Amino acid sequence: MKKQVLVTGGVGYIGSHTVVELQNEGFEVFIVDNLSNSNIEVLDRIEKITGIRPHFEEFDLCDRTKVQAYFQKHENLEAIIHFAASKAVGESVEKPLLYYRNNLVSLMNLLEAMDQYNVPSIVFSSSCTVYGQPEVLPVTEEAPIQEATSPYGNTKQICEEILHDSISAYNGSVRGIALRYFNPIGAHATAEIGELPVGVPQNLVPYITQTAAGLRDELSIFGEDYDTADGTAVRDYIHVVDLAKAHVVAIRRLVEENNKKPLEFFNIGTGTGLTVLQLVQAFEKVTGKPLNYKIVGRRAGDIEKVWAETTFANEELGWKAESSVEETLASAWIWEKKIRNLD
Ligand code: NAD
Ligand code: WQD
């Protein structure tokens, strides 16, 4: 019998890519998503790629009664991957309670139901945002957690604590892995699924691809006076499919391997930092045409530089990011062109 995995937020950007990898690896996937930041058509796209339609229910994970009823009905779940959350940093400053409620209550409801209905494993979507500006780079999993710079970032820190305290209290019946993602970009090789930000993109790569596609006039590069090779900020950009594969490995570690550690944290990045300008240059190389951009002032709340030390994930999980930044940017560009009906 196939192992059953509940993927919350499985219609979203990272979730949908992970569902594809899970199905390709023989897992039976159950998605719960309230479609607050995604489109139901993604289920057709997943089916087109894998030949399998994941089970799907639409409801809000903050609804405790619905979560309980769902777990009662699905008694063979072996693991959960919890992607569902609100993720826009700027919006979280405007609407902090929306972020605290959505991100904390959904996790609490799931952890409560896991205990009651004997679901033993959870993989949680955390973020490198918990490190703030690390003192030592590349940043390891042991680096101190810094005071959050946004309510969104704070929800990830608090969720890690909720996870830790609940798993400790459950005394061995639930185990977890928190994956701290660096900057996920790119799209599936089929260009059936990818990132579809609502409105003006806040993140760099969708802004770049929309500028190249003619939807935006020019990219504003935020800051050129950082202490980096060319003065622009440094990040660790990881292909979303590499990131998705890390979830399959994490699930296998929880459900198949004889690993008894209650809770582990892994950095999921490439291990390489790139400046904004280096990323723009790589994109220009991929498309063969120049990108319109201008340098403007720093963006409030941005950190200067962060990239991952990935040795722990490489050695313990046996996982490594495989795509080059050019391949990754090419996938983002092919996706953008497809959704805009260009060439
Ligand atoms: P996304 O918005 O594309 O996907 C999240 C999905 O969860 C959406 O389909 C949304 O409809 C759903 N959802 C939200 N709240 C829900 C609720 N209460 N009940 C049911 N469904 C709900 O986001 P993503 O980029 O795929 O991110 C997935 C996870 O990874 C999030 O937890 C995010 O914080 C985390 N993360 C993302 C990034 C990034 O840059 N994309 C980086 C680090 C961590
Ligand atoms: C990358 C770099 C910008 C847009 C955010 C969240 C983080 C995480 C991922 C979830 C920065 C620069 C950007 C633009 C630019 N999400 N930039 N012009 O800021 O690393 O991380 O998303 O956990 O929590 O904070 O990603 O893509 O927004 O920015 O110059 O129009 O690109 O200043 O240096 P960031 P990003």
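These numbers come from a predicted model, not from an experiment. (Residues numbered from 1 in each chain as written. Chains lettered and ligands numbered in written order. Predicted model: local features only at pLDDT ≥ 70, side-chain atom pairs only at ≥ 80, totals over all residues. Heavy atoms only, no water.)

Caption draft 1: View of the site of ligand 1. Taken together, 26 residues form the shell around ligand 1, and within it Asp 33, Asn 37, Ser 38, Asn 102 and Tyr 152 come nearest. Backbone polar atom of Ile 14 to an oxygen atom of ligand 1: 2.8 Å apart, as the coordinates give it. At a separation of 2.8 Å, an oxygen atom of ligand 1 approaches a polar side-chain atom of Lys 87. Those elements that place two or more of their residues in the shell around ligand 1 are α1 (13-24), β5 (121-127) and α6 (151-170). Here the shell around ligand 1 gets three residues from one element, more than from any other, and that element is β5. In terms of residue class, the shell around ligand 1 is made up of twelve nonpolar, ten polar and four charged. (Near = heavy atom within 4 Å. Polar contact = N/O pair within 3.5 Å; in protein donor to acceptor, adjacent residues only side chain to side chain. Helix = DSSP H or I, 4+ residues; strand = E, 2+ residues; numbered from the N terminus. Nonpolar A, V, L, I, M, F, W, Y, C, P; charged D, E, K, R; others polar.)

Caption draft 2: Looking closely at the pairing of strand β1 (residues 4-8). Among the five residues of β1, five are classified as buried, and the element is accordingly described as predominantly covered. Two strands pair when backbone bridges link them, and β1 and strand β2 (residues 28-32) are joined in this way by five bridges, in the parallel orientation. Across the sheet, residue Leu 6 finds its bridge partner in β2, namely Phe 30. Read as a crossover between parallel neighbours, the route from β1 over α1 to β2 is right-handed. Pairing of β1 with strand β4 (residues 77-82) involves five bridges; the strand directions are parallel. Looking across to β4, one finds that Val 7 is bridged to Ile 81. (Buried < 20%, exposed > 50% of the residue type's maximum accessible area, 1.4 Å probe, protein only. Pairing = 2+ DSSP bridges. Right-handed = clockwise from strand over helix to strand, strands pointing away.)

Caption draft 3: Spatial organisation of the environment of Glu 47. Relative to the assigned elements, Glu 47 resides in helix α2 (residues 42-50). Once residues lying within four places of it in the same chain are set aside, the contact partners of Glu 47 are Ile 52 and Arg 53. At a separation of 2.8 Å, a polar atom in the side chain of Glu 47 contacts the side chain of Arg 53. (Contact = heavy atoms within 4.5 Å.)

Caption draft 4: Just the site of ligand 2, in detail. Close to ligand 2 lie 18 residues, the nearest being Ser 127, Tyr 152, Ser 220, Arg 235 and Asp 302. Contact distances for ligand 2 include 3.0 Å between an oxygen atom and a side-chain N or O atom of Asn 183. Contacts to ligand 2 include Gln 202, whose backbone N or O atom sits 3.4 Å from an oxygen atom. Notes on ligand 2: free accessible area 680 Å², of which the protein chains cover 86%. No other element matches the four residues that strand β8 (residues 219-222) contributes to the shell around ligand 2. Here the shell around ligand 2 is composed, by residue class, of nine nonpolar, six polar and three charged. Counting only domains with at least three residues in the shell around ligand 2, you end up with domain 1 (4-185 + 238-268) and domain 2 (204-235 + 271-337). (Areas by Shrake-Rupley, 256 points an atom, 1.4 Å probe, with all protein chains shown as cover. Domains from an automatic or database assignment.)

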